[in-house]
Amino acid sequence: MLTRKQYQLLMFIDKRLKEVGVSPSFDEMKEALGLRSKSGIHRLITALEERGFLRRLPHRARALEVLRLPGNATTLVERGIVAEDDGSGDLRGATPSNVIHADFKQPSAPPAAIDGAITLPLYGRIAAGTPIEALRDNTRTIAVPSMLLGKGEHYALEVEGDSMIDAGIRSGDTVVIERCDNADNGAIVVALVDNEEVTLKRLRRRGQSIALEPANAAYETRICGPDQVRVQGRLVGLIRLY
């Protein structure tokens with residue numbers, strides 16, 4: 001699953017490689033996506049690398065290789081150079097218009113209680129690695145033991161990525177979230193960053209800044225301004241299938 005900007009950058013790089021055989025410069029990528037700084041491009045490229053869409057070729061300037069594309073476009077997979085990746089991160093049939101950030105609102109009807117369980121809406125995948133946008137789908141639900149829930153509104157999300165693994169949260173787990181717009185320092189929260197990227201991280205307030213901390217030493221803490229982060233819920237439970 002890709003964010004809109006990740007998708008746009010991947011398609012721009014692929015198009016340029018096919019046209020001239022050389023990947024675009026960071027300045028060209030920045031201009032094409034309408035970003036203000038190259039750091040945003042670096043973050044997008046890193047995210048695409050982590051999801052197996054791009055590869056940086058060592059010891060070569062401006063050397064990027066597209067490993068696969070969302071959907072059925074021609075890629076190295078189809079040419080037999082790279083093995084097929086059947087895992088998460090491949091948004092089949094994706095277009096920028098159908099990858100949206102989630103505004104986690106409960107449906108008008110209350111969740112139904114069934115045999116000691118509560119049926120909650122299940123909203124797409126949330127990154128426990130590099131932030132991605134969550135794909136909201138009101139047609140999916142999941143039955144959650146009522147003991148996991150307190151008062152208030154709740155929803156569920158599927159986790160993608162391993163940056164919270166030291167907190168016991170693995171890729172493929174389903175997390176139960178209590179909807180709120182504030183959380184205690186140190187709580188694991190669903191955070192909306194820059195009004196477009198949703199991530200699951202531990203919240204730390206550092207003076208006027210907000211730190212979104214992973215629970216995996218392989219990932220870096222992200223420091224944001226107070227206006228960049230909006231809390232959309234806090235973790236209250238986890239469901240894992242074996």
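Predicted, not measured: the structure shown is a model, and the values here were computed from it.

Undergrad: Please explain the overall build of the protein as it appears in this structure.
TA: Across its full length, the protein carries three helices and 12 strands. The buried share of the protein, taken over its 242 residues, is 46%. When contacts within the protein are restricted to residue pairs at least 6 apart in sequence, long-range pairs at least 24 apart make up 58% of them. For the protein, the exposed surface amounts to about 12,600 Å²; the carbon and sulfur share of it is 49%.

Undergrad: Just checking my understanding: could you explain the nonpolar core for this structure?
TA: If you look at soluble globular proteins, the nonpolar side chains tend to sit buried side by side. Core analysis: the biggest nonpolar cluster contains 17 residues, and Leu9, Leu10, Ile13, Met29, Ile45, Leu48 and Leu54 have the highest contact counts within it. Broken down by secondary-structure element, the contributors of at least two residues to this core are helix H1 (4–20), helix H2 (26–33), helix H3 (38–50) and strand S2 (64–66). Per-element accounting of this core gives the leading share, five residues, to H1. Once you skip the residues sitting within four places of it in the chain, Leu10 turns out to touch Leu2, Leu48, Phe53, Leu54, Val66, Arg68, Leu69 and Pro70. Core analysis: the next-biggest nonpolar cluster, separate from the first, contains 15 residues, Ile126, Val159, Ile177 and Ala215 among them.

Undergrad: Is there a simple way to think about the packing of aromatic side chains in this case?
TA: The geometry of an aromatic ring pair is captured by the separation of the ring centres together with the interplanar angle, meaning the angle of the planes. The tally for this structure, following the rule as stated, stands at one aromatic pair. Between Tyr123 and Tyr155, the aromatic rings sit 5.7 Å apart at their centres with planes inclined by 40 degrees, giving tilted as the arrangement. Pair noted here: Tyr123 is in strand S4 (residues 117–127) and Tyr155 is in strand S6 (residues 154–160), with a separation of 32 residues, a long-range link. Tyr155 matches Tyr123 in its accessibility class, with the two residues each being buried. When the ring centre of Phe53 is taken as reference, the NZ or CZ atom of Arg68 above it lies at 4.0 Å.

Undergrad: Whenever I open this one, unusual backbone geometry confuses me. Can you help?
TA: Leaving glycine aside, a negative phi is the common case for residues, and trans is the common case for peptide bonds. Unusually for a residue other than glycine, Asp194 sits at a positive phi of about 55 degrees. With respect to the secondary-structure elements, Asp194 resides in the loop between strand S8 (188–193) and strand S9 (197–206).

Undergrad: I'm lost on the packing of H1 against H2 in this one. Help?
TA: Working note: a packed helix pair is described by the angle between its axes plus the distance between those axes. The N-to-C vectors of H1 and H2 enclose an angle of 130 degrees; their axes lie 10 Å apart at closest approach. Between H1 and H2, the angle falls in the class oblique. Seen along the crossing, H1 lies across H2 with a hand that is right-handed. Listed contacts from H2 to Lys5, Gln8, Leu9, Phe12, Ile13 and Arg16 of H1 are Glu28, Met29, Ala32 and Leu33. A per-class count over the contact of H1 with H2 returns six nonpolar, one polar and three charged.

Undergrad: Even after reading the chapter, I still don't get H3, so can you show me in this structure?
TA: Counted at 1.5 Å a residue, the expected span for H3 with its 13 residues is 18 Å, and the 19 Å between its end C-alpha atoms agrees. Of the residues making up H3, those classed as buried are Gly40, Ile41, Leu44, Ile45, Ala47 and Leu48. Mapping the buried residues of H3 onto a view down its axis gives an arc of 160 degrees, with all of them on the same face. Where the residues of H3 are buried, they touch H1, H2, strand S1 (54–56) and S2. One or two positions beyond H3, positive phi appears at Gly52, with a value near 80 degrees.

Scoring rules and cut-offs
- Residues numbered from 1 in each chain as written.
- Predicted model: local features only at pLDDT ≥ 70, side-chain atom pairs only at ≥ 80, totals over all residues.
- Heavy atoms only, no water.
- Helix = DSSP H or I, 4+ residues; strand = E, 2+ residues; numbered from the N terminus.
- Buried < 20%, exposed > 50% of the residue type's maximum accessible area, 1.4 Å probe, protein only.
- Contact = heavy atoms within 4.5 Å.
- Areas by Shrake-Rupley, 256 points an atom, 1.4 Å probe, with all protein chains shown as cover.
- Core = buried A, V, L, I, M, F, W, Y, C linked by side-chain atoms within 4.5 Å.
- Phe/Tyr/Trp six-rings, centres within 6.5 Å; stacked < 30°, edge-to-face > 60°.
- Lys NZ or Arg CZ within 6 Å of the ring centre and 35° of its normal.
- Axes fitted to C-alpha atoms, helices over the stretch in contact; angles between N-to-C directions.
- Parallel < 35°, antiparallel > 145°, perpendicular 65-115°, else oblique.
- Left-handed = near helix turned anticlockwise from the far one by under 90°.
- Nonpolar A, V, L, I, M, F, W, Y, C, P; charged D, E, K, R; others polar.
- Expected span 1.5 Å × (residues − 1).
- Arc of directions from axis to C-beta.

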